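Close look at the chain arrangement
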Amino acid sequence: MKSYVENAYKNSQYRLVCQYSGVSAEDLAMLVLKNNVIAYELPKTQTLGCTWDFRLHLASGEVLAFSSKCTSVGGWEEVGSLSVALKAIAADSDSDVFSKVSIEKFYIANFSMLVYEEENVYSESGICFTDVCGNELIVAASPSPGAVSVDIPNIHTDFKPEFSVSDLKYKAMVSSQ
Amino acid sequence: MNLYAYVHNDPMTYVDPSGKTTVAAGAIGGTFVCGPICGAIGAVGAGILTAIVANEVYNESSGSSDTPALPEGLVGDQSDDRAGPNKNGTRHTSGPLTPENGGTGDYEADLETLTGGTREAGEGDSAPPGAQIGENGIFGRSENSSGGSSIDIPANGDKPHETLHYD
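Quantities reported herein were computed from a predicted structural model and do not represent experimental measurements. (Residues numbered from 1 in each chain as written. Chains lettered and ligands numbered in written order. Predicted model: local features only at pLDDT ≥ 70, side-chain atom pairs only at ≥ 80, totals over all residues.)

**Some remarks on the interface of chain A and chain B**
Spelled out, the test is: Two residues qualify as being in contact provided that their C-beta atoms, derived from the backbone, are within 7 Å of each other. Side-chain classes follow a simple rule in which Ala, Val, Leu, Ile, Met, Phe, Trp, Tyr, Cys and Pro form the nonpolar group, Asp, Glu, Lys and Arg form the charged group, and the remainder, Gly included, forms the polar group.
Each side of the interface is counted separately: chain A has 24 residues, and chain B has 24 residues. Of the residues that constitute the side of chain A that touches chain B, the class distribution is 10 nonpolar, 9 polar and 5 charged.

Right under this line is the structure:
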């Protein structure tokens with residue numbers, strides 16, 4: 001598996017779309033909407049501020065794993081973009097390596113891709129899940145290649161994405177409302 | 001008791017590795033600063049001094065005596081036009097490790113210099129899959145998307161993440 005998006009340069013623009021594994025974008029929408037996040041998980045040696053393997057546990061039993069790709073957009077400049085993988089329901093993480101934390105149920109009412117865009121770069125840099133109260137759970141590419149930074153409501157995280165969320169556009173996927 | 005009298009009450013600036021002579025912390029083995037006036041202060045101070053030198057002044061170890069510490073400043077070549085901060089200033093792009101930091105221009109050799117040795121990153125490691133990671137968290141990508149190789153040095157304090165590029 002490459003650590004970057006392959007064949008990203010098209011029509012005079014680097015298009016760094018979210019990479020999906022084990023699930024399509026459409027299936028992801030069907031999976032997460034009206035579902036609840038009940039726990040998150042990451043390697044014990046890492047933090048929510050910067051982790052190379054962040055996992056969300058859904059009430060339905062599925063696990064979504066997030067990381068990022070780091071792709072050249074000309075010269076030495078590289079830009080991160082999100083990568084999402086659906087893990088098998090029965091997959092148990094190595095408890096010596098990973099730490100699982102239960103959270104108050106987070107009901108996913110809708111979700112958006114967080115997009116960084118300029119003249120020659122389009123990057124789906126992160127994803128934002130929103131509950132009915134407007135609270136946001138954000139997973140976005142970190143400055144460190146391959147990693148993501150996570151912001152969870154009511155949980156202190158050292159949230160440091162590659163691009164400030166205020167510089168990203170919300171691209172609505174679908175909504176259950 | 002004044003535990004730091006032997007370094008003029010400034011243990012961050014001066015050290016006394018011999019127990020007899022105070023020298024500037026950044027010049028061990030070099031500049032002579034003070035005469036033997038501090039020599040009799042005692043072993044307690046010397047023990048504390050050892051800890052200070054090991055943990056704060058030299059900052060050489062990252063868990064293993066063979067593992068270099070993370071650099072506290074940029075260590076890559078800045079002379080290329082492509083060097084500089086990324087679009088949002090959260091990552092710094094540089095050329096290869098500079099000679100004054102032990103750089104040779106060779107990706108493999110410089111990765112060894114910066115890490116003291118690597119292994120392939122696996123599940124739970126702080127690096128992308130397939131990268132070569134050292135115990136200090138520095139990792140190498142033998143193939144990046146521009147066709148070259150890269151060495152990634154994690155942020156350290158105010159220093160941003162730095163990526164060294166080898167074409």
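From this point, things continue past the structure.
**Notes on the confidence of the model for chain B**
Residue and element names in this part refer to chain B. Test applied: pLDDT is a per-residue confidence score from the predictor, ranging from 0 to 100. Helix numbers and strand numbers start at the N terminus; a helix is a DSSP run of H or I with at least 4 residues, a strand a run of E with at least 2.
Looking at chain B, the pLDDT average stands at 74 and 61% of residues meet or exceed 70. Mean pLDDT per element in chain B: helix H1 (residues 43-57) is the minimum at 37, and helix H2 (residues 107-115) is the maximum at 98. For the stretch residues 1-61, pLDDT sits under 50, and the model shows 67 contacts to residues farther than four places along the chain or on other chains. Interface predicted TM-score (ipTM) for the complex: 0.90; the corresponding pTM is 0.80.

**Section: unusual backbone geometry**
Residues and elements named next belong to chain A. This is how it is decided: Burial is judged by counting the other C-beta atoms within 10 Å of a residue's own C-beta: 20 or more makes it buried, 12 or fewer makes it exposed, and any count in between marks it as partly exposed, with every C-beta position built from the backbone.
The backbone of Ser12 sits at a positive phi, close to 65 degrees, despite the residue not being glycine. Of note, Ser12 is situated in the loop between strand S1 (9-10) and strand S2 (13-16). Phi is positive for Lys34, close to 65 degrees, though the residue is something other than glycine. Examined against the element boundaries, Lys34 turns out to sit in the loop between helix H1 (25-32) and strand S4 (36-43). A tally of 13 C-beta atoms within 10 Å means that Lys34 is categorised as partly exposed.

**Things to note about the pairing of S2 of chain A**
All names here are of chain A. Heads up, the condition is: Strand pairing follows a simple DSSP-based rule, namely that at least 2 bridges must link the two strands.
What you see with S2 is a clean split: Tyr14 and Leu16 sit on the buried side and Gln13 and Arg15 on the side with no burial. Hairpin geometry of S1 and S2 is characterised by an intervening segment of 2 residues between the two adjacent antiparallel strands and by a positive phi of about 50 degrees at Asn11. Alignment of S2 against strand S10 (residues 121-130), held across 3 bridges, turns out to be parallel. The residue of S10 that forms the bridge with Leu16 is Ser123.

**Structural notes on the sheet that holds strand S5 (residues 54-58) of chain A**
Residue and element names in this part refer to chain A. Let me state the cut-off plainly: Angles here are taken between N-to-C directions and fall from 0 to 180 degrees, while the axes themselves are lines fitted to C-alpha atoms, restricted in helices to the stretch in contact.
In space, the 6 strands of this open sheet follow the order S3-S7-S6-S5-S4-S8, with mixed pairing throughout. Each end of this open sheet is capped by a strand with a single partner; those strands are strand S3 (19-21) and strand S8 (98-107). In this sheet, adjacent strand axes meet at a mean angle of 25 degrees when their direction is disregarded.

**What to know about the sheet that holds strand S6 (residues 132-134) of chain B**
Residues and elements named next belong to chain B. Taking strand neighbours across the sheet as the criterion, the 7 strands line up as S3-S4-S9-S8-S7-S6-S5 in an open arrangement whose pairing is mixed. Where the open sheet ends on each side, the last strands, each with one partner, are strand S3 (84-85) and strand S5 (118-120). Note that strand S4 (residues 91-94) and strand S9 (residues 161-166) share 4 bridges and pair parallel. For Thr93, the partnering residue across the bridge sits in S9 and is Thr163. Relative to strand S8 (residues 149-153), H2 is tilted by about 10 degrees, and along the sheet it contacts S5, S6, strand S7 (139-141), S8 and S9.

**Concerning the nonpolar core**
The cut-off we apply is this: Only buried residues count toward a nonpolar core: Ala, Val, Leu, Ile, Met, Phe, Trp, Tyr and Cys, linked into one set through C-beta atoms within 7 Å.
By size, the foremost hydrophobic cluster in this structure holds 61 residues, and its most contacted members are Phe54, Phe66, Ile127, Phe129, Val139, Val148 and Val150 of chain A. Not counting residues within four places of it along the chain, the set of residues in contact with Val148 of chain A comprises Thr51, Phe54, Phe66, Ser67, Ser68, Val139, Ala140, Ala141 and Ser142 of chain A.

**Re the environment of His156 of chain A**
Its location among the elements puts His156 of chain A in the loop between strand S12 (148-151) and strand S13 (169-175). On a C-alpha basis, the gap between His156 of chain A and Val73 of chain A in space is 33 Å, while along the polypeptide they are 83 residues apart.

**Side note on the environment of Ser144 of chain A**
When you line up the elements, Ser144 of chain A lands in the loop between strand S11 (136-141) and S12. Sequence separation of Ser144 of chain A and Ser68 of chain A is 76 residues, and the distance between their C-alpha atoms is 9.2 Å. Apart from the residues lying within four places of it in its own chain, the contact partners of Ser144 of chain A are Cys50 of chain A together with Asp152, Pro154 and His161 of chain B.

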